[in-house]
Each structure stands twice: as structure tokens, then as C-alpha cells.
Amino acid sequence: MRDTKTKTTCPYCGVGCGIDVESSNKRQVSIEGDRQHPANHGRLCSKGTHLAETVGLEGRLHYPMIGQRTVGWDSALDDVASRMRDTVEQYGPDSVAFYLSGQLLTEDYYVANKLAKGFVGTGNIDTNSRLCMASAVAAHNRAFGEDVVPCSYADLDEADLVILVGSNTAWCHPVAWQRIEKARERRGTKIIVVDPRRTETAAMADLHIPLPPDGDIALFNALLAEMIDRGRLDGSFLDDHCTLPEGFLDALDPAAHDIDPAVFNELAELVDSNSRMVTLFSQGANQSVCGTDKGNAIINLHLAMGRIGRPGAGPFSMTGQPNAMGGREVGGLANILACHLGFSEAERASVADFWQTSRLCSGPGLKAVDLFRAVHAGKVKFVWIMATNPAVSMPDAGFVREALARCPNVIVSDIIADTDTAKLAHVRLPALGWGEKDGTVTNSERCISRQRAFMARPGKARADWKIVCDVAARLGHGQSFDFESPADVFREYSEMTVLATRHGKLLDLSNQAGITDKAYDRMQPFQWGGARPFEHGFSTASGKANIVAVSPSKARGAGPSLALNTGRYRDQWHTMTRTGLSARLSAHRPEPLLEIAPADGEAHGLSDGGLAHIETTAGRSAYRVAFNEDQRAGEIFAPMHWTDANSGAGRTGLLVHPECDPVSGQPGFKNVPAQVAPYNPGWRAFLLSRKPVRPEDAGYWVRSRIDGGWFTELAGDGAINVDKLLPPGERSEVCDFVRGMRRILVAGAGSAPEALLYVTRSGEIPHRDWLVRQFAQTECATTEWLAGRPSSPQPDTGPLVCVCYDIGENAVRQAVDNGAASVAEVGARISAGTNCGSCRPLIARIIQEHSGALREAAV
Ligand SMILES: Nc1nc2c(c(=O)[nH]1)N[C@H]1C(S)=C(S)[C@@H](COP(=O)(O)OP(=O)(O)OC[C@H]3O[C@@H](n4cnc5c(=O)[nH]c(N)nc54)[C@H](O)[C@@H]3O)O[C@H]1N2
Ligand SMILES: Nc1nc2c(c(=O)[nH]1)N[C@H]1C(S)=C(S)[C@@H](COP(=O)(O)OP(=O)(O)OC[C@H]3O[C@@H](n4cnc5c(=O)[nH]c(N)nc54)[C@H](O)[C@@H]3O)O[C@H]1N2
Ligand code: SF4
Ligand SMILES: [Mo]
């Protein structure tokens, strides 16, 4: 085996951590944080740390497929091109659409945008960034005249106050969170979290502001009013660098917010006394029907106080995906033409000239939600989906599935064969994945880094940019798409940014236009725009930033419904096509939970640990109930991750209504009226199996990866058909019909069982943790397997806390009993939390709760 070392970038979140990979030619890889990378200086979170577990070939799409037929590339590309050509000829360019993703590389994005807007001639090219960043983009454009993030990560190191708005940073941008924590250790930085839920991030903060859903505009407007009253505005910055809407400031009222006045006062004190203030915001701000106004409410406060463009200060929109920013730069959104340019005559003329095309689209295209509506209505008859899974992740996902099922031409480029979206495709194109493809990404702080290939391509998989160019050539545009490599694409894109500067924008990579292949190979991470991009003025015509008059959204009328909030788990990535392959990452939350305040749960007849349905006007899904004091009354939370591929439950995208922000078109994923009802099944069961099962007829099922196989939770009514669930093989069985208990072991090769099924009608069912561990090791007697516990008692480790070192909650408690009083001390004793650090907030919480319990016991 030959080992190679490669520097690349993490394929998950927008922090954009650098990674050192050591790989063999057998796809064995070991991963470490890149100490030289400015985004992470060697740190990685749990998802980055466990990347090696997700680069296997399980589930991959290896060959192009037309329907269920494997075909060669020529047939597949001919088919895609002729479908596209016929559609355009018959119905015009706007009957064709592209739906892209912030997980494409900049080079992929650039050629797809060039093909759609420049040569097919349609503006109908949008991206999952519409679901993610569109409101921040719109807020930047309104305030600064250009979509430029005015901050850098170094500002997090230099801030005295960090306000996190709608951001579960410790879970979703963990390395940025660790950086904020370091600042707290070093300079006493105060952390405020504005989030309706008491997340792990909020629990670690100095102040948590549990505002009602969409209460952000009221809060920031009130804060601005309070700062006016305190005489804390920066008059000269306002005069020199801002445009103020008539009467806006005078009309603000410091009392017009929906939070506890004492908490508001604490917030105001901290804002008053810390001019080095960063407000970091993500989906709790963006994913709202008033998301753009939320962004501007935050930016307004920074502008009015002159807290922007200075060390340790600024409004900082964090990007979600690894290359959400790159997509914004090249122009992958339907309302941007290319390179931060819009659709004015002058801008269009520049772009048409640069691309040497006469077919440039005439104006903006449809935004994601409208785009799928047009597919549903039969106006769009050809859609090419790349690197995203809209059948799961779009709001009203049931409608989106219906739309795709009706559409005569659905093309899907993915790395996985059977995603929920790929199942609806006419043509599936196998893309190269992380570690196989080459190109660049831009992270949250405008830092461009290389992703590099270090593994052989599986089957016939091809790079996304190359697939697009191959189709373009078949459409007769070969000359404009004769790129030979990602470096070639990058050069053209860099050269094109000259147009942006010509039209008064800051985006400027023109010094990269002549980069050689060699230099591209060796490219070091670099930030465009510098640490203070607006140093010489904003990108508006006047050079001044706009304070935007925003007013609080009307509160949703109190009704019988609950407010459904949706979002992320620490160790899962979106629709789980990659993180779902890792047993380590699946252990943190093996099932989709419906989190609800205990009093609400009881009032709705739910029981903690039982099952329930969430129902909205859009659909219904099933979840495991978790009573949680950290939920506000009247609000529930459910994760976005589960799909048809691994469950018959928890499909949260089905539930989300498609209402959007009127400015940005971003859907309101976080505040959806919903109902809950208990689901009391006739039987419950779980199955450990070497091979995955799909118990379609169960009322509830969820499958997750464990070492040595799969773990499936099931529940249903009527008879349970064990023969459908279990593989063939010799069975040992115990059952107790009175208590409704049945346990079956199916023997496998050697001492390892092939499958184990535990069924109960009364509720008694063994502990899962011990069985899951044994299933990996398989050193057990049949009687122990069937009993579901060891014949001689072993210490119970409790729920898994530290994924890296396999340490359970009870060991953390034990460490506290033995005197550990902080996360660091727990780490020193038992190593928990000392590798990736993603479980540190959880450890802090266990210490807090357990030492509280110890104190109470002592009184
Ligand atoms: N582990 C993990 N990390 C990820 C991802 C992942 O799938 N898994 N995805 C990446 C991507 S693409 C993205 S976009 C980011 C998202 O990162 P985040 O934005 O941090 O994640 P979310 O969980 O979607 O939502 C954040 C918080 O917004 C809160 N919220 C809901 N409504 C409101 C409101 O009205 N006001 C305020 N102030 N807060 C509200 C929610 O309670 C939630 O805790 O994460 C990135 N990182
Ligand atoms: N309910 C709810 N829904 C949400 C959200 C929420 O908070 N709540 N958040 C929204 C947000 S912010 C986002 S960003 C979206 C994310 O939602 P999606 O983009 O749908 O989620 P992913 O699972 O990341 O989908 C990426 C797909 O690309 C494939 N893939 C990976 N690498 C490559 C590659 O190199 N090339 C190609 N061609 N394919 C590849 C993967 O296998 C996977 O199928 O979800 C949105 N949906
Ligand atoms: S914080 Fe984690 S998921 Fe995000 S880029 Fe870094 S290692 Fe990857
Ligand atoms: Mo996102």
C-alpha cells in the first residue's frame, strides 16, 4: 500500500476547515485537521473527524443510468442533451431548469451557470442556497449594495461580545464555536444566544434570550432604540457612511419587544459596554418569512453604532454549506446573473460579451419554491438536479415529489444511487465525490481553499463540471465549454470577475486569471476582499451603506396549534446520504425526536419516549417523543435529516409549508403551525441485522448504522410479520404470549448472529446499548442474546457522550464524583471531549446537572 498525503478542505459546513489526509490506494484514509489552515488551525469537529467512515463505496452510483438500465456515458449524455434540446425547441428556454447546491465546487457551479444563463438562455437556475442563505444575500445587497460578508474569523478572536442569532453554533459550526470559546478563555468575551430553544450553544452562553419565534426584528429594533436613548449611536459614522430612511430611527420604541424586561436590560448593558461586538447569524434568522428584514435589523444596529469594518466588530452571516459562498459568487442564484452582477442592460451586455453569446437570458429566473411549482404546473418540463436532495429538503416535500413524478425529464447528478430524489429521476449521472474531485470552495469568511482528489474514481463517475461541459458540447456549445481541467474553469471565472469590478463591485479575483496548473495545484487558502472589504466605501452608488427601515412581523395569532421549528443534529449532515454511513456519527441521535416541553407533551397526551405524529396542512410524520425543558411552551422541534431511504418516519420536509420571505424567496422552515397526537402502536420492536431492512408496512420504522450492521426501531399494529423482517437461517426463539414478548435470534456464520429481533406488546424491551456493543463484538451465548443482557452484570455505561473515545454518560458522572469540576478536568481524567471537542457542550451540561444533583443530595 502506498500512502499519500494531501491537503484538502472539509466537505461539510461553511467554516471550511482545512484537512490533512493520509490515504492508501485502498480507500483507507486517516484524517487530521490542517494546522496551517486559517479557518481551523488544526481543529476538526465530529463530522470532520469521522470523515474516514463515510468514504466507502456503499450505496454509490457507479455508472450512468437511464431508468433502471446501466448505460455508457455517451448514451447518457446524448439522452440528456436531446431531452434538453427537444424541450427548448418545443417549449422555449424557460421550460428548462437547473437546481444546484452549495455542495458543488465553484468550478462546477460556474459552468452550470454559464450553460443555463448564457447558452440555454434561461434564468431558471437556482440552488439549495435559496433555502439557506438567500435572506442574508438579500440583506447584504440592500445594506451594502453587494453580497459581501464584512467580517473574518479573526473578528471572533478579537471580539468582546459575540451575539449568536438563530445559530446553534456548537452543533452546526463547531470549530467556529471553539474559536469563540477560546476568545472567552483569553479575553473574557461574553456570549449571548438569541434562540427560542435552549440549545447546547445557549446553555454554554453567558446570556440566553429565549425569544418567541420570529421575535428578532422587534428585539433588534428595540435594542437600536435603547442605544439611541443611551446616546450610543456613532453619529459621525452615520453621517459619513450611511443613508438613513426618513423617520425610521425616531419611530423606534425600546419597549417594543417580546422578552423579559430584565433580560432585555442585561442584553442592552452588554451591547452598550462592548464596542467590539460580532453578531453571528444563521438559520434562525434566514429561514423565516421575514428573514431579510431580520438580517437588516441586525446590520442596522451595527451600522448605527459604527460597529463594522473594525477589528472584532461586524454583522457576520455564517454560511451553511462548504461552498454556499462560492455559489453566490459565481451567480448560482436565479436572481443574480454572474459574478455579483444583476440583470441591468449594461451588466447583461458585459456578460454576453465576455461569454461571447447571443443567447443570454433576459432576466432573473424562478426561485426554488416557485421553480418546483412551475415543474408541478407543467411549465418547466426538464429539470437537472445536482448535489442536492430536494425530495427531502424542500418545504412541502410531498408536493415537490409529486412535481418530479409528473415532470417528463428529471436528470439527477449525485454520488449516491438511491436518494429519495434519485428515485424520481429518468437519468442518473454518477458524480465524483469528496476526495475524488478537484476544485475550489469559498467559506464563510470569503476564504478560497482547494478541495483535492486523493482517491481513485469509483466506476465511471465523472466530475460535475465535466458532465455539464459534455452536455454543453452535445448542444453545440463545445467551443465555449472546452475546459480541460478545473484549473481551466477557475482561470476563466477569475478573469470574469473583472466585470464585477467594472460595475462597481468588490468581488475581484482577476489576479488569479493567469494562475498556472501547477500554481492551482499548490494553491494556499486566501481570502478575497481582505479582512475589511468595505474599507474604501460600500458597493452602493453613493458608497454609503443603507440602514433599512424594517418593522416587526405580525405575530402569528394564538391558535390551537403549536409552532414547529426544524433544524439540525450535531452529528448528521442534511439528508444523511454520507453521515448516515457512519456508526459513530449515528450514535448521537439514532432516531428523529419530537422535542416538546413536558407540560405541553402531557397536555397533548404524549409520553416521554413514546411515539407521536406531527401534522400540518402539508403532511404528517412520526417521531420518538422527547420531553425537554429547553423547549418553550407552545413550540416543538424536529430534525430535518430523516428520509424514505432510512425510515418510514420523521420526514420533516413533508410538514413545512412553502411560505417564503417576499424579498429573498427563502422559505420559513422554523415557524410552521402544527398539531401533535400520540401514536400508541399495538407492538414495538427493534431489530439488529447485518443487512439493512425496509419494513414498509410498519407504522413507524427508523434504521441507523451500527458497527457490524444496522439497528432498526419499529412499531406497528396488528400482527407482526417476522418472516418478512428476518433473513433466512436457523432460529432460536423465546416467547411469552401473555406478556406479548417475542425474541428471535437468527444464526449466522460462526458465533455471530445474523439478526436479532425483540418484540413487545406490553412495553418491556431490553436495553439497546449493551446489545449494540455486543453485536459488533459477537462474544455472547444464545441465552444472553435472548435475555438481552449479560449473564453476569456489567457496569452500565449510559448513553454515549464522547464519540471519539467511546465514553458514556455514567463515566462522566463518575469523573465529577471524583472531583472533576470542569470540562477540562473531565478531559484530563477520562479523555472525554479532548479530541474533536463536539461533545464538550454536552459534558458541560452533565457536569452542571450532576453537580447540582450532588449539591441537592448534600443539603
Ligand atoms: N451538524 C450539522 N452541521 C451543519 C449542518 C448539518 O446538517 N448538520 N448543515 C450546515 C448548513 S447547510 C447550515 S445552513 C447550517 C445551519 O446552522 P444553524 O443555523 O445553526 O442550524 P439550525 O439548527 O438550522 O437552526 C439554528 C437555530 O435557529 C433557531 N431558531 C428557530 N426559529 C428562530 C427564530 O425565530 N429566531 C431565532 N433567533 N432563532 C430561531 C433554532 O431553534 C435553532 O436552534 O449548519 C451547517 N452545519
Ligand atoms: N425542514 C428543514 N428543511 C431544510 C432545512 C431546515 O432547517 N429544515 N434547511 C435547508 C438548508 S439550509 C439546506 S442547505 C438544505 C440542504 O439539503 P440538501 O442539499 O438536499 O441536502 P444534502 O443531503 O446535503 O444533499 C446533497 C446531495 O448531494 C449528494 N452529493 C454529495 N457530494 C456530491 C458531489 O460531489 N456531486 C454531486 N453531484 N452530488 C453530491 C449527496 O449524496 C446528497 O444526495 O436543506 C434545507 N431544508
Ligand atoms: S466545523 Fe466540522 S463540519 Fe464544519 S468544516 Fe470544520 S470539521 Fe467540517
Ligand atoms: Mo444550509
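Residues numbered from 1 in each chain as written. Chains lettered and ligands numbered in written order. Predicted model: local features only at pLDDT ≥ 70, side-chain atom pairs only at ≥ 80, totals over all residues. Heavy atoms only, no water.

Colleague: Can you tell me about the site of ligand 2, naming the residues and giving the values?
Modeller: In the vicinity of ligand 2 lie 33 residues, with Gln103, Ser393, Asp414, Lys437 and Thr575 positioned nearest. Here a nitrogen atom of ligand 2 and a side-chain polar atom of Gln287 are 2.9 Å apart. Interatomic distance of 3.2 Å between a side-chain N/O atom of Lys670 and an oxygen atom of ligand 2. Within the complex, 99% of the 930 Å² of free accessible area of ligand 2 lies under protein. Of all the elements in the fold, those that place two or more residues in the shell around ligand 2 are strand S15 (409-414) and strand S21 (562-567). Here the residues of the shell around ligand 2 sort into eleven nonpolar, 16 polar and six charged. No fewer than three residues from each of domain 2 (65-130 + 323-527) and domain 4 (562-679) sit in the shell around ligand 2. (Near = heavy atom within 4 Å. Polar contact = N/O pair within 3.5 Å; in protein donor to acceptor, adjacent residues only side chain to side chain. Areas by Shrake-Rupley, 256 points an atom, 1.4 Å probe, with all protein chains shown as cover. Helix = DSSP H or I, 4+ residues; strand = E, 2+ residues; numbered from the N terminus. Nonpolar A, V, L, I, M, F, W, Y, C, P; charged D, E, K, R; others polar. Domains from an automatic or database assignment.)

Colleague: So what's going on with the domain arrangement of the chain? Residues and values would help.
Modeller: Each assigned domain of the chain is listed with its residue range as follows: domain 1 (3-54), domain 2 (65-130 + 323-527), domain 3 (134-317), domain 4 (562-679), domain 5 (683-787) and domain 6 (800-858). Centre-to-centre, using C-alpha coordinates, domain 3 lies 27 Å away from domain 4. Listed as interface residues are 24 residues of domain 3 and, on the opposing side, 25 residues of domain 4. Buried area between domain 3 and domain 4, summed over both chains or domains, comes out near 2000 Å², and the portion from carbon and sulfur atoms is 52%. Of all residues in domain 3, Trp171, Arg197 and Gln287 bury the most surface against domain 4, accounting for 36% of the area lost on that side. At the boundary of domain 3 and domain 4, one finds one salt bridge. If you look at where domain 3 meets domain 4, you find eleven residue pairs in polar contact (both at pLDDT 80 or more). Residue assignment for the side of domain 3 that touches domain 4 shows that the elements contributing at least two residues are helix H4 (134-144), helix H6 (169-172), helix H12 (283-286) and helix H13 (291-304). At four residues, H4 tops the list of elements feeding residues into the side of domain 3 that touches domain 4. When the residues that make up the side of domain 3 that touches domain 4 are grouped by side-chain class, the tally is eleven nonpolar, eight polar and five charged. (Contact = heavy atoms within 4.5 Å. Buried area = accessible area lost by both parts, 1.4 Å probe. Salt bridge = Lys/Arg side-chain N within 4 Å of Asp/Glu carboxyl O.)

Colleague: Break down the site of ligand 1 for me, citing the residues and quoting the values.
Modeller: The environment of ligand 1 is made up of 35 residues, and the closest members are Asp195, Asp214, Asp216, Arg568 and Gln572. At a separation of 2.8 Å, an oxygen atom of ligand 1 approaches a polar backbone atom of Asn168. For ligand 1, a nitrogen atom lies 2.6 Å from a polar atom in the backbone of Gln572. Relative to its unbound accessible surface of 910 Å², ligand 1 loses 99% to contact with the protein.

Colleague: I'd like a description of the environment of Phe372, backed by residues and values.
Modeller: Mapped onto the elements, Phe372 comes out in helix H16 (residues 368-376). Overall, the relative accessible area of 0% leaves Phe372 in the buried class. Setting aside anything within four residues of it in sequence, one finds Phe372 in contact with Tyr99, Pro390, Met394, Phe399, Val400, Ala403 and Leu404. (Buried < 20%, exposed > 50% of the residue type's maximum accessible area, 1.4 Å probe, protein only.)

Colleague: Before we move on, can you summarise the sheet that holds strand S29 (residues 709-716) with the specific residues and values?
Modeller: Reading across from one edge, S28-S29-S27-S32-S31-S30 is the order of the six strands in this open sheet, with antiparallel pairing throughout. Edge positions in the open sheet fall to strand S28 (700-706) and strand S30 (731-736), since each of these has one partner strand only. Adjacent strand axes in the sheet meet at a mean angle of 10° when their direction is disregarded. In this fold helix H25 (residues 768-777) packs onto strand S27 (683-689), S28, S29 and strand S32 (753-760), with an angle of close to 20° to the strand it touches most, S27. (Pairing = 2+ DSSP bridges. Axes fitted to C-alpha atoms, helices over the stretch in contact; angles between N-to-C directions.)

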